[in-house]
Amino acid sequence: MAFGGDPAPECVSFQLRVRATGRPVMKLAAGFLTAMLAACGGGGGGGGGGGDAGPAPSPAPPPAPDPQAPRSFALVTEVAASGLAEPVFATAPEGDARLFVVERAGRIVIVQGGARSARPFLDIAARVGTTGEGGLLSMAFDPRYAVNGFFYLYFTEASGDIAIERFRVSAADPDVADPAPLRILTIPHRTFSNHKGGLVRFGPDGFLYLGTGDGGGGGDPSRNGQNLDSLLGKLLRIDVRNATAAAPYAIPSGNPFTGQPNRRAEIWAYGLRNPWRYAFDAPTGRLYIGDVGQARLEEVDVSPADSPGLDYGWNVTEGTECFAPDSCDKAGITLPVLEYGHDADGGCSVIGGFVYRGSAFPELEGRYFYSDLCGGWLRSFVFSGSTASDPRQFIASMGTVLSFGEDGQKELYVLTGAGEVLRIQRVFQ
């Protein structure tokens, strides 16, 4: 499927079809331009001599293409790495040429030049529990990684509890990490094996954010999403800049519930069901959250990143609708800017991605990309004003999509259940 404007006339037409794998099959059909030149003849009038009319004028050349006109393009994927075991996240320090891929079982491997490292960057599989939706779910490099070598992991233990730990790269080898951790935070999560959340990420403000699930079970039976005395079903914000074993984190100034009884000071936002993936877009100061729905609707929330205390609605609402069959009070709830249903779109769990801020494909600048675990498609929109505008589906299916990734140059990747890391590419038509 092509987007981006009408193509200029060409002598060679370009057709692209995308298989269910998301890889292109290209077919070039030779085209040609024919011109007919007609010769003119005539006879003279009474007694006058006839004469040649002369050669026919040449046809005017076609106008030169406008270099400023938009060109039609499509997106495809190419395999950047394969043979991985349940890759669930990919990231890199800013400007780094390596891609660090998180495997759910508890390993981090480095991908560079199309090959994965023979030995892992870090292996904590012996301490990771993978029951249900558990596992090693993400990592985040410290904004000052080049100086301090710190990075942070979000994983579940065998008990089901969520663990956040800090590690450090080895002083002797930049491709290997020191396995000694510093425990930052433990969040009890033992009742159900699903809805673990999964993303640890630094915001533009330099603080560490954690997206936690609601504790599991259908419909949030413990009502953790709306319980401000629970760390589940939340977006948390903590300060780890001076972390020690005695004081692993501090509460940043501006957290909305600091000092309030029966409200946890770590909470930045609440009313989330299972925010598997979220992203900050620093140039616009916005936060994008892909929050997995219950049974009817998947949603993407967009809000100013510096707005504290927002309630995203769960379990009062699912998407823009009341979750309970009767009416509900939506006052004060931040409703999603985009939602889609399971029946019409073949979806089951939204996979939030990133706003494209790379340099390779300027046509994609400012577009937010997302997918779905079951749908497998690649979709995108531009947030303008207060709405998701210019929605597009670029690829019909990429297989089972587990997550998006972003490298040190902010180019985008898709991680799949087939153990592949796919690089998003653009082709002109």
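Residues numbered from 1 in each chain as written. Predicted model: local features only at pLDDT ≥ 70, side-chain atom pairs only at ≥ 80, totals over all residues. Heavy atoms only, no water.

Asks: I'd love a proper account of the nonpolar core, names of residues and values included.
Replies: Grouped together as the largest cluster of nonpolar side chains are 94 residues, with contacts concentrated most on Ile 108, Phe 121, Phe 151 and Leu 153. Of the residues forming this core, the biggest block, six residues, is contributed by strand β10 (residues 150–156). When sequence neighbours within four positions are dropped, the list of residues in contact with Leu 153 reads Ile 108, Leu 122, Ile 124, Leu 136, Ser 138, Met 139, Ala 163, Ile 164, Glu 165, Phe 167 and Val 200. Ala 81, Leu 99, Val 101 and Tyr 413 belong to the second largest nonpolar core, which has eleven residues in total. (Core = buried A, V, L, I, M, F, W, Y, C linked by side-chain atoms within 4.5 Å. Buried < 20%, exposed > 50% of the residue type's maximum accessible area, 1.4 Å probe, protein only. Helix = DSSP H or I, 4+ residues; strand = E, 2+ residues; numbered from the N terminus. Contact = heavy atoms within 4.5 Å.)

Asks: Before we move on, could you go through the sheet that holds strand β17 (residues 277–281) and cite the residues and values that matter?
Replies: Overall, antiparallel pairing links the four strands, which are arranged β17-β18-β19-β23 in an open sheet. Looking along the sheet, the strands with just one partner apiece sit at the ends: β17 and β23 (338–341). Pairwise comparison of adjacent strand axes, ignoring direction, gives a mean angle of 10 degrees for this sheet. With five bridges joining them, β17 and strand β18 (residues 286–291) adopt antiparallel strand pairing. Residue pairing across strands places Ala 279 opposite Tyr 288, the latter belonging to β18. (Pairing = 2+ DSSP bridges. Axes fitted to C-alpha atoms, helices over the stretch in contact; angles between N-to-C directions.)

Asks: Please set out the sheet that holds strand β27 (residues 387–395) residue by residue, giving values where relevant.
Replies: Adjacent strands of a sheet form backbone hydrogen bonds with each other and so pair up, either parallel or antiparallel. Taken in spatial order, the four strands line up as β24-β25-β26-β27 in an open sheet, and their pairing is antiparallel. Here the strands that pair on one side only, and so sit at the sheet edges, are β24 (350–355) and β27. The sheet shows a mean angle of 25 degrees between the axes of neighbouring strands, direction not considered. In the sheet, β24 pairs with strand β25 (residues 368–372) via four bridges, with the strands oriented antiparallel. What sits directly across from Val 350, in β25, is Asp 372.

Asks: Which residues make up the pattern of salt bridges, and what values go with them?
Replies: Evaluated as defined, the whole model comprises 23 salt bridges. For Asp 161, the salt bridge identified is with Arg 190, shortest N-O distance 2.9 Å. Here Asp 161, found in the loop between β10 and β11 (162–169), pairs with Arg 190, found in the loop between β12 (177–187) and β13 (199–202); they are 29 residues apart in sequence, far enough to count as distant. One salt bridge connects Arg 296 with Glu 321, and the closest N-O pair in it is separated by 3.3 Å. Residue Arg 296 is found in the loop between β18 and β19 (297–304), and its partner Glu 321 is found in strand β22 (residues 321–322); the two are separated by 25 residues along the sequence. Its relative accessible area of 36% is what places Arg 296 among the partly exposed residues. Through salt bridges with shared partners, a single network forms among Arg 127, Glu 157, Glu 165 and Arg 183. (Salt bridge = Lys/Arg side-chain N within 4 Å of Asp/Glu carboxyl O.)

Asks: Could you give an account of the side chain of Thr 416, naming the residues involved and the relevant values?
Replies: In this structure, Thr 416 sits in strand β29 (residues 412–416). Among the residues examined, Thr 416 registers a relative accessible area of 2% and is labelled buried. Ignoring any residue separated from it by four or fewer positions in sequence, one finds Thr 416 in contact with Pro 87, Met 398, Thr 400, Leu 402 and Leu 422.

Asks: Describe the packing of aromatic side chains, listing the residues and the values that go with them.
Replies: What the rule picks out here adds up to 23 aromatic pairs. Aromatic pair Phe 100 and Phe 121: ring centres 5.0 Å apart, planes at 80 degrees, arrangement edge-to-face. Here Phe 100 is found in strand β5 (residues 99–103), whereas its partner Phe 121 is found in the loop between β7 (115–116) and β8 (122–123), with 21 residues between them in sequence. The exposure class assigned to Phe 100 is buried, which follows from its relative accessible area of 0%. Taking the relative accessible area as the measure of exposure, Phe 121 reaches 1% and is therefore buried. We note Arg 166 situated over the ring of Phe 150; from NZ or CZ to the ring centre the distance is 3.8 Å. (Phe/Tyr/Trp six-rings, centres within 6.5 Å; stacked < 30°, edge-to-face > 60°. Lys NZ or Arg CZ within 6 Å of the ring centre and 35° of its normal.)

Asks: Tell me about the environment of Glu 86, residues and numbers included.
Replies: Structurally, the position occupied by Glu 86 is in the loop between β3 (73–81) and β4 (87–91). Taking the relative accessible area as the measure of exposure, Glu 86 reaches 43% and is therefore partly exposed. It is 7.7 Å that separates the C-alpha atoms of Glu 86 and Ala 418, two residues lying 332 residues apart in sequence.

Asks: Which residues make up the state of the cysteines, and what values go with them?
Replies: All chains considered together, the criterion is met by two disulfides. One disulfide bridge connects Cys 322 with Cys 328, the sulfur atoms lying 2.2 Å from each other. In this structure the cystine formed by Cys 322 and Cys 328 twists about its S-S bond by roughly -85 degrees; its chirality is therefore left-handed. Owing to a relative accessible area of 18%, Cys 322 belongs among the buried residues under this scheme. Since its relative accessible area comes to 25%, Cys 328 is described here as partly exposed. With a sulfur-sulfur separation of 2.0 Å, Cys 348 is cross-linked through a disulfide to Cys 374. The S-S bond linking Cys 348 to Cys 374 shows a torsion near 85 degrees; that makes this disulfide right-handed. Here Cys 348 is found in the loop between α2 (342–345) and β24, whereas its partner Cys 374 is found in the loop between β25 and β26 (378–384), with 26 residues between them in sequence. Classification of Cys 374 as partly exposed rests on a relative accessible area of 46%. Regarding the disulfides, the protein carries the connectivity 1-2, 3-4 under sequence-order numbering of its bonded cysteines. (Disulfide = S-S within 2.5 Å.)

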